[in-house]
Amino acid sequence: MDQKLDKITFGAGCFWCVEAVFQRVKGVKSVTSGYMGGKIKNPTYREVCSGLTGHAEVCQLAYDPKEVDVATLLEIFWQTHDPTTLNRQGADTGTQYRSAVFFHTPEQQKEAEAWKQKLNAQHVFPNPIVTEIAPASEFYVAEDYHQNYFNENGTEPYCQIVIKPKMDKFLKAFKSKLN
């Protein structure tokens with residue numbers, strides 16, 4: 001049986017955090033860390049970190065729309081980072097850490113814009129959402145050592161101080177949507 005997978009690409013700060021969250025979501029079949037939204041071809045991590053390429057650190061999700069819908073993925077996206085800080089997530093600053101939804105279909109665009117409008121109208125966050133909603137562009141896969149980072153390096157200080165608290169909160173809030 002051949003399953004048709006859809007893709008969506010999220011930027012929400014450091015891709016290690018984004019990857020760790022979405023790897024655990026039921027229906028998400030793969031999460032690949034990489035770069036999108038910039039102006040040079042085949043950027044390296046060092047180049048992206050300079051902030052000069054215009055790329056965001058992103059995770060591209062391949063998901064089965066029969067198991068998880070885009071609305072659920074967006075709900076998780078909005079709740080697992082701060083979409084109100086421009087070019088910043090926590091201590092990570094620069095355009096490479098911007099909040100972004102890179103959509104692959106018109107349905108994803110419509111859904112992302114509706115979520116943003118609804119969350120702003122309901123004042124869910126103390127400040128307006130600054131998340132970029134843009135068409136997916138060329139996706140560049142990040143270096144191998146960035147893939148599956150939290151699962152392979154969970155005891156490292158960054159993982160324990162930054163990612164683990166976010167994961168604990170996520171696992172509690174979205175228990176019914178996990179693998």
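- In the nomenclature of an unreviewed UniProt entry, the protein corresponds to Peptide methionine sulfoxide reductase MsrA from the organism Aquirufa originis.
- In its Function (unreviewed entry) section, the UniProt record describing the protein reads: "Has an important function as a repair enzyme for proteins that have been inactivated by oxidation. Catalyzes the reversible oxidation-reduction of methionine sulfoxide in proteins to methionine."
- For the record of the protein, the UniProt heading Sequence similarities (unreviewed entry) holds the text "Belongs to the MsrA Met sulfoxide reductase family."

**A look at the UniProt feature "active site" (unreviewed entry) in the protein**
Next, step 1: As annotated by UniProt and renumbered to match this structure, "active site" (unreviewed entry) occupies C14.
Next, step 2: Looking at where C14 falls in the secondary structure, it is placed in the loop between β1 (6-12) and α1 (15-22).
Next, step 3: The residues touching C14, leaving out its near neighbours within four places in the chain, are E57, D92, Y97 and Y158.

**A short note on the UniProt feature "domain: Peptide methionine sulphoxide reductase MsrA" (unreviewed entry) in the protein**
Next, step 1: The positions that UniProt labels "domain: Peptide methionine sulphoxide reductase MsrA" (unreviewed entry) are, in the present scheme, residues 7-160.
Next, step 2: End C-alpha to end C-alpha, residues 7-160 measures 29 Å, and it is 31% helix and 25% strand.

**Here's the deal with the packing of α1 against helix α6 (residues 157-173)**
Next, step 1: At a minimum axis separation of 10 Å, α1 and α6 run at an interaxial angle of 35°. Remark: the crossing between α1 and α6 carries right-handed chirality. Here α1 contributes W16, C17, A20 and V21 to the contact with α6, which in turn contributes Y158, V162, I163, K166, M167 and F170.
Next, step 2: A class-by-class count of the residues in the contact of α1 with α6 yields 9 nonpolar, no polar and 1 charged.

**Remarks on the packing of aromatic side chains**
Next, step 1: According to the stated counting rule, one finds 8 aromatic pairs in the structure shown.
Next, step 2: Where F15 meets Y35, the ring centres are 5.8 Å apart and the plane angle is 45°; that geometry is what we call tilted. Placement of F15 in helix α1 and of Y35 in strand β2 (residues 28-36) is noted, with a sequence separation of 20 residues between them. Here F15 matches Y35 in class, with each residue buried.
Next, step 3: Pairing W16 with Y149 gives two aromatic rings, centres 3.6 Å apart and planes at 0°, and the pair type is stacked. With W16 in helix α1 and Y149 in helix α5 (residues 149-153), the pair connects residues that are 133 residues apart, well separated along the chain.

Scoring rules and cut-offs
- Residues numbered from 1 in each chain as written.
- Predicted model: local features only at pLDDT ≥ 70, side-chain atom pairs only at ≥ 80, totals over all residues.
- Heavy atoms only, no water.
- UniProt positions renumbered as here; feature names shortened; annotations may be inferred.
- Helix = DSSP H or I, 4+ residues; strand = E, 2+ residues; numbered from the N terminus.
- Contact = heavy atoms within 4.5 Å.
- Axes fitted to C-alpha atoms, helices over the stretch in contact; angles between N-to-C directions.
- Left-handed = near helix turned anticlockwise from the far one by under 90°.
- Nonpolar A, V, L, I, M, F, W, Y, C, P; charged D, E, K, R; others polar.
- Phe/Tyr/Trp six-rings, centres within 6.5 Å; stacked < 30°, edge-to-face > 60°.
- Buried < 20%, exposed > 50% of the residue type's maximum accessible area, 1.4 Å probe, protein only.

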